Amino acid sequence: MVALFGAAGVLLGLPLLVSAAPSGYILERRDFDFEAHLGNLSPYHKAPLQSGLKADLPADCKVEQVVLMHRHGSRFPLSNELPFITNLVSKLSNNSAAIQKAKLPDNLAFLKEGYTTTLGVNDLTAPGRAQLFQHGVALRLKYPQFEGTTVLAGLQDRVIESAQWFAQGYFGREWTSLNATAFSTLPEDNQTVSWITPDWTCPNWDYNFGNNLTVEWGQLYLPPIAKRLNKVIPGLNLTSDDAHGALFACAYDLAAHGISPWCSAFTQSEIQDFEYELDLLMNGAFGYGLPGDMGPILGAVYVNTLIERLTNGSGTALPIYLEFGHDTSIDLALTGLGYVKDSPPLRNSANGPIRTNRKWRTSSQVPFAAQMVWEKFTCSSSFRGPQVRLLLNESPFPLSLCKKMDRKLGTCSLDDFIASNGAATQLKWGDESWNATCGHPGS
């Protein structure tokens, strides 16, 4: 059996080899689960349980606080990504005669029927809505002892809609009329200090820190793909950009429709090359690939917010926080915490070869609808004092930077967790370190 995510983001058991796709497309299924190797464009999937870790807390332990940071659900391509797909569609349409003449292998036979796209831009898709609704239901069932009273979303349409669908699942369809529930947004701009999008208030931050790495890597891995496809279809003259468009079509057909004919057009190594591109992008723009200490400094905004809540530093801590942002929110948080750090930096390998043993893996860290859930818990006998656990996409994530991490659970005491983040707690937005790295606010 192979795991296939259906249109609602639910795991379905399907036999290997061939499954029918919409409009007569044929999609070859393989032992390699390409859907779990599309970087931050992967459909939601539960992270694998790391060897040696237990999934459940001891029976004498009780969760006393939950802090959720949730990525928005599956979306349409961004405005700078869609042209790769639409330009590919135009080239295929203009060369239909060459396609009909070519003797195509089974995994490209769908091209004879014509490939078109109806993908939108930026917004949440139907599978994305389903993911968030289901996660809302699941969280309510997992923590029945808590009654959420607030929902906070970054001020971007797909994030807001994600939070609304989650709230429908968590509270029920009448949630907007519940007086106890407050729905609020946090601006994503260069004036608002935000643990959801801290990069906005860092004038020296630049998306190209990551994007330039993808260009460098793309010059290596995309031309061979285009060359291979052109051998199959003489006269089509696909470019590297067209090959890129086909890879994006694989990811975004899945995001929008739950299935894509393009995914089986690629070899396992080609999908892994695409995955590596997305890792380079996110690490370079929202992780350790940023210049100097910019990544940990930006991530410290979330770390300090988290610790304040776990310690009730403000005196007004809630038992459960329901907050919604981006893949970047979680990646920067992990960077601020010091986890998934590669040495030497991943940016040093933008010209290959792939770092197969890398720690930074956006496919498992931040698929669409990713969930970072922090638990503060106490136990009657297993542990003394409050403890902290991180569930990343439903699986325990080992807090290995704590001095005394419990090896079976991946947890540590709250005091140990705070101590392990001593460097982050010394950083504040707008302080000397921030200004030296990011530039002065408003500059």
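For the structure itself, consult the block above.
Overview of the structure. Keep in mind it's a predicted model, so treat the numbers as computed, not measured.

Calculation rules
- Residues numbered from 1 in each chain as written.
- Predicted model: local features only at pLDDT ≥ 70, side-chain atom pairs only at ≥ 80, totals over all residues.
- Heavy atoms only, no water.
- Helix = DSSP H or I, 4+ residues; strand = E, 2+ residues; numbered from the N terminus.
- Expected span 1.5 Å × (residues − 1).
- Bend = angle between axes of the 7 residues up to and from the residue.
- Buried < 20%, exposed > 50% of the residue type's maximum accessible area, 1.4 Å probe, protein only.
- Phe/Tyr/Trp six-rings, centres within 6.5 Å; stacked < 30°, edge-to-face > 60°.
- Contact = heavy atoms within 4.5 Å.
- Axes fitted to C-alpha atoms, helices over the stretch in contact; angles between N-to-C directions.
- Parallel < 35°, antiparallel > 145°, perpendicular 65-115°, else oblique.
- Left-handed = near helix turned anticlockwise from the far one by under 90°.
- Nonpolar A, V, L, I, M, F, W, Y, C, P; charged D, E, K, R; others polar.
- Pairing = 2+ DSSP bridges.
- Disulfide = S-S within 2.5 Å.
- Core = buried A, V, L, I, M, F, W, Y, C linked by side-chain atoms within 4.5 Å.

### Things to note about helix α8 (residues 294-310)
Here α8 contains 17 residues, and its C-alpha end-to-end distance of 25 Å stays within 8% of the 24 Å for a straight helix at 1.5 Å per residue. The axis of α8 is deflected most strongly, by about 35 degrees, at Ala300. The buried fraction of α8 amounts to 15 of the 17 residues, a majority that puts the element mostly inside the structure. Once α8 ends, the next one or two residues include Asn312, with phi positive near 55 degrees.

### Observations regarding the packing of aromatic side chains
Evaluated as defined, the whole model comprises 20 aromatic pairs. Centroid distance Phe84 to Phe248: 5.8 Å. Interplanar angle 45 degrees. Geometry classified as tilted. Placement of the pair is Phe84 in helix α1 (residues 82-94) and Phe248 in helix α6 (residues 240-257), with a sequence separation of 164 residues. For Phe248, a relative accessible area of 5% translates into the label buried.

### Focus: the environment of Phe32
By the element assignment, Phe32 lies in the loop between β4 (26-29) and β5 (61-71). Distance from Phe32 to Gln268, taken between C-alpha atoms, is 7.0 Å for residues 236 residues apart in sequence. Beyond its immediate sequence surroundings of up to four residues, Phe32 is in contact with His37, Gln268, Ile271 and Gln272.

### Some details on the packing of helix α3 (residues 126-142) against helix α4 (residues 157-171)
Contact geometry of α3 with α4 gives a least axis separation of 7 Å together with a crossing angle of 40 degrees. Here α3 lies oblique to α4, going by the angle between them. The hand of the α3/α4 crossing is right-handed. Each of Arg129, Leu132, Phe133, His135, Gly136, Val137, Leu139 and Arg140 in α3 lies in contact with α4, whose residues at this interface are Glu161, Ser162, Trp165, Phe166, Gln168, Gly169, Tyr170 and Phe171. By residue class, the composition of the contact of α3 with α4 is eight nonpolar, five polar and three charged.

### Looking at the packing of α6 against helix α7 (residues 268-286)
Packing of α6 against α7 brings their axes to within 11 Å, and their N-to-C directions diverge by 85 degrees. Classified by the angle between their axes, α6 and α7 sit roughly perpendicular to one another. Facing α6, whose interface residues are His244, Leu247, Phe248 and Ala251, α7 presents Ile271, Phe274 and Glu277. Residues that form the contact of α6 with α7 fall into these classes: five nonpolar, one polar and one charged.

### Looking at the pairing of strand β9 (residues 371-379)
Among the nine residues of β9, eight are classified as buried, and the element is accordingly described as predominantly covered. The sheet contact formed by β5 and β9 spans nine bridges and is antiparallel. If you follow Met69 over to β9, its bridge partner there is Met372. The sheet contact formed by β9 and strand β10 (residues 387-392) spans six bridges and is antiparallel. Note that in β10 the partner of Met372 across the bridge is Leu392.

### As for the state of the cysteines
Two cysteines joined by a covalent bond between their sulfur atoms form a disulfide. Scanning the model with the defined rule gives four disulfides in all. One disulfide in the model links Cys202 with Cys438; its S-S distance is 2.1 Å. Taking the sign of the torsion about the S-S bond as the criterion, the disulfide between Cys202 and Cys438, at about -95 degrees, is left-handed. Linking Cys202 in the loop between β7 (182-186) and α5 (208-232) with Cys438 in helix α13 (residues 432-438), this pair joins segments that are 236 residues apart in sequence. On the basis of relative accessibility, which here comes to 0%, the residue Cys438 falls in the buried class. In this model, Cys250 is linked to Cys263 through a disulfide, with the two sulfur atoms separated by 2.0 Å. Here Cys250 and Cys263 share a disulfide; its torsion about the S-S bond, 100 degrees, makes the bridge right-handed. Of this pair, Cys250 sits in helix α6 while Cys263 sits in the loop between α6 and α7, and the two are 13 residues apart along the sequence.

### Things to note about the nonpolar core
In terms of nonpolar packing, the biggest core is built from 101 residues, with Leu111, Trp262, Met372, Trp374 and Phe417 touching the most fellow members. Considering every element that reaches this core, the biggest residue donor is α6, with 11 residues. If sequence neighbours within four positions are ignored, Met372 has contacts with Val67, Leu68, Met69, Tyr302, Ile330, Ala333, Leu334, Leu390, Leu391 and Leu392. Of all hydrophobic cores here, the second largest spans 30 residues; its members include Tyr143, Val159, Trp175 and Leu322.

### Re unusual backbone geometry
Put simply, Ser343 and Pro344 share a cis peptide bond, and its omega is 0 degrees. When you line up the elements, Pro344 lands in the loop between α9 (327-337) and α10 (362-365). For the peptide bond that leads from Gly352 to Pro353, omega is -10 degrees, which places it in the cis range. As for its position among the elements, Pro353 is in the loop between α9 and α10. Its identity is not glycine, yet Val340 carries a phi of approximately 45 degrees, on the positive side. Mapping Val340 onto the fold places it in the loop between α9 and α10. Assessed through its relative accessible area of 13%, Val340 is described here as buried. With phi around 80 degrees, Glu394 is a residue other than glycine that occupies positive phi space. Residue position: Glu394 is located in the loop between β10 and β11 (395-397). In this structure Glu394 comes out as partly exposed when scored by relative accessible area, which is 43%.

On their own, these measurements won't tell you what the molecule is for.
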